[in-house]
Amino acid sequence: MADERRRGTAGRIDAVGRAVFGSREGQLTSDGRRTGRFVRMLPALLILGGLVFDSLAPPNFTAVPLFVAAPLIAAPFFSRSRTVRTGIAAVLSVIAMRLSDGTSTQVVPVIEMLTVLTASVLALVINGVVRRGNEQLASARVIAETAMRAVLPTPAERIGGLQVAARYEAAQADEFVGGDLYAVADTPYGVRVVVGDVRGKGLGAVEAVAVIIGAFREAAEQERSLEGVAQRLERALAREGTRRYGLDAMEGFITAVLAEIPPGSASLRLVNRGHPEPILLHADGALEVLAPSVPALPLGMDLGVWPDRADEWAMPAGATLLAFTDGLSEARDPNGVFYDPAARLRGRIFPGPEELLSALTDDVRLHTGGRTTDDMALIAVGRPAEGQPVPRTTVKIVGRGDDAGR
């Protein structure tokens, strides 16, 4: 009798596997190896555990709580059809157990079957609520990302004879709302660039980004000097500050670096307002960290008025300017060590700005283990060399030297 019960249990276990996972997913062991996700296996394991427990335990012990838990656990993680299959498998398992031991018409077994059925129906309701919530969240993310991309459009690959690439890397997956910014403008005075980081996040930060980008696009066309552009941004923030109250009006500020590459000149001008220092990469792999001669306060701090001072650097053909926000330079590895872009890029050569940013973002993910805590905006502007072949030799920075595979 016990052998027959065990054989019946084995048959029901196989049926549960097919019911919950379908024909290709009935082999639970191979499915667990393939997905590597315990949560995907848990509902089926609960049902199987309940069948095994019922076949081995004394008659006065019940495994019904396991059958109740299975569809409820499946509800927030599985699709509707899979949740339905899990609920059906749980209900049929209880019915099969009670038919096999001849107690299906007794009061307690009937209550058990109704309990599992009720839990399965409740699981469908939970699944619907979770699915609608996910759809609403996805819609909100799409709207936020669309608004942010409207403020920060991807620049053209070539502007004013220069090669340009830009990236916005969000700290959280599937999110694209933050306070980092960049913009490039081709003006009568050369190609002008701004990269900045607004204090804070959320809609207030996006509003500040829109103010700075709008002011920059107007000032870059009209102001003869880069210092004049910086002062226009300062005044735009001051006007915006009059519309705010409380903490934001007192403490809001933006770190920013402004760059100007005049036409027909191998020079580069920078105005740095409390921002991480840009890097100039040369064609031979050498690089310079472009530190300002006189440190300056961020935009919008309203702690006094000091004249801006533009520093000038040589930018020969084949050189690339890399500007970024502190999400890059303050990215940490699991031991808390900051990412050092200058050290990682020194001696490396890239075909162009796009390849540079791709390698850099990959290297940051490697450094942090994919656990970044701050958004980062990156922009690279390259002055192509005459007759320079495309692509040049590329040396990847990901997994270099003894770091590879460790």
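Structure shown above.
Residues numbered from 1 in each chain as written. Predicted model: local features only at pLDDT ≥ 70, side-chain atom pairs only at ≥ 80, totals over all residues. Heavy atoms only, no water.

## Focus: the sheet that holds strand E3 (residues 180-187)
Inference 1: Pairing in this open sheet of 5 strands is antiparallel, and the strands run E3-E4-E5-E6-E9 from one edge to the other. Two strands lie at the open edges of the sheet, namely E3 and strand E9 (311-314), each paired on one side alone. For this sheet, the mean inter-axis angle between neighbouring strands, taken without regard to orientation, is 20 degrees.
Inference 2: Relative to strand E5 (residues 254-261), strand E4 (residues 190-198) is paired through 8 bridges, and the arrangement is antiparallel. Residue pairing in the sheet places valine 191 in a bridge with isoleucine 261 of E5. (Pairing = 2+ DSSP bridges. Helix = DSSP H or I, 4+ residues; strand = E, 2+ residues; numbered from the N terminus. Axes fitted to C-alpha atoms, helices over the stretch in contact; angles between N-to-C directions.)

## Description of helix H5 (residues 80-100)
Inference 1: The first and last C-alpha atoms of H5 sit 30 Å apart over 21 residues, in line with the 30 Å expected at 1.5 Å per residue.
Inference 2: Buried within H5 we find Arg82, Thr83, Thr86, Gly87, Ala89, Ala90, Val91, Ser93, Val94, Met97 and Arg98.
Inference 3: In the stretch just after H5, glycine 102 is the one whose phi turns positive, near 75 degrees. (Expected span 1.5 Å × (residues − 1). Buried < 20%, exposed > 50% of the residue type's maximum accessible area, 1.4 Å probe, protein only.)

## Quick notes on the sheet that holds strand E2 (residues 162-169)
Inference 1: The 6 strands are arranged E1-E2-E11-E10-E7-E8 in an open sheet whose pairing can be described as antiparallel. Strands with a single pairing partner mark the edges of an open sheet, and in this sheet they are strand E1 (158-159) and strand E8 (287-289).
Inference 2: Summarising the sheet, strand E7 (residues 279-281) and E8 pair through 3 bridges and their orientation is antiparallel. Bridge pairing in E8 links isoleucine 279 to valine 289.
Inference 3: Packing of helix H12 (residues 353-368) onto the sheet brings it into contact with E2, E7, strand E10 (320-324) and strand E11 (376-382), and relative to E2 it is tilted by some 25 degrees. (Contact = heavy atoms within 4.5 Å.)

## Some points on the pattern of salt bridges
Inference 1: Applying the stated rule across the entire model yields 13 salt bridges.
Inference 2: Across the pair glutamate 223 and arginine 232 runs a salt bridge, and its minimum N-O distance is 2.8 Å.
Inference 3: Among the salt bridges present, the one from arginine 273 reaches glutamate 234, with a minimum N-O distance of 2.6 Å. Placement of arginine 273 in strand E6 (residues 267-273) and of glutamate 234 in helix H8 (residues 226-241) is noted, with a sequence separation of 39 residues between them.
Inference 4: Residue arginine 273 is classed as buried on the basis of its relative accessible area, which comes to 9%.
Inference 5: Salt bridges sharing partners connect three or more residues here, namely Arg192, Glu260, Arg269 and Glu312. (Salt bridge = Lys/Arg side-chain N within 4 Å of Asp/Glu carboxyl O.)

## Some words on the pairing of E6
Residues in a regular strand project their side chains so that they alternate between the two faces of the sheet.
Inference 1: Most of E6 sits out of view: 6 of its 7 residues are buried.
Inference 2: Pairing between E5 and E6: 5 bridges, direction antiparallel. Across the sheet, leucine 258 pairs through a bridge with valine 271, a residue of E6.
Inference 3: Taken together, E5 and the strand that follows it, E6, pair antiparallel across an intervening segment of 5 residues, in which glycine 264 is found at a positive phi of about 65 degrees.
Inference 4: Strand direction decides the pairing type here: E6 and E9, joined by 4 bridges, are antiparallel. Each bridged residue has a counterpart across the sheet, and for serine 267 the counterpart in E9 is alanine 314.

## Some points on H12
Inference 1: With 16 residues, H12 should reach 22 Å at 1.5 Å per residue; the first-to-last C-alpha distance of 23 Å fits that figure.
Inference 2: Within H12 the residues assigned to the buried category are Pro353, Leu356, Leu357, Ala359, Leu360, Thr361, Asp363, Val364 and Thr368.
Inference 3: One or two steps after H12, the chain reaches glycine 369, where phi turns positive at roughly 70 degrees.

## Examining the nonpolar core
Inference 1: Residues Phe216, Leu258 and Leu268 are the most contacted members of the largest nonpolar core, which totals 53 residues.
Inference 2: With 10 residues, the top contributor of residues to this core is helix H7 (residues 202-222).
Inference 3: If near-sequence neighbours (up to four positions away) are discounted, leucine 258 is found in contact with Val193, Val194, Phe216, Leu226, Val229, Ala230, Leu233, Arg269, Leu270 and Val271.
Inference 4: Core analysis: the second largest hydrophobic core is formed by 20 residues, Tyr339, Ala342, Phe350 and Leu357 among them. (Core = buried A, V, L, I, M, F, W, Y, C linked by side-chain atoms within 4.5 Å.)

## Focus: the environment of arginine 348
Inference 1: Position of arginine 348 among the secondary structure elements: in the loop between helix H11 (341-345) and H12.
Inference 2: Placed 65 residues apart in sequence, arginine 348 and alanine 283 show a C-alpha to C-alpha distance of 9.1 Å.
Inference 3: Reaching out from arginine 348, the side chain makes a polar contact with the backbone oxygen of arginine 346 at a distance of 3.0 Å. (Polar contact = N/O pair within 3.5 Å; in protein donor to acceptor, adjacent residues only side chain to side chain.)

## Concerning the packing of helix H4 (residues 64-74) against H5
Inference 1: Running from amino to carboxyl end, H4 crosses H5 at an angle of 175 degrees, the nearest separation of the two axes being 8 Å. In terms of their interaxial angle, H4 and H5 are classed as roughly antiparallel. Contacts from Phe67, Ala70, Pro71 and Ala74 in H4 reach Thr83, Thr86, Gly87, Ala90, Ser93, Val94 and Met97 in H5.
Inference 2: Among the residues forming the contact of H4 with H5, the class breakdown is 7 nonpolar, 4 polar and no charged. (Parallel < 35°, antiparallel > 145°, perpendicular 65-115°, else oblique. Nonpolar A, V, L, I, M, F, W, Y, C, P; charged D, E, K, R; others polar.)

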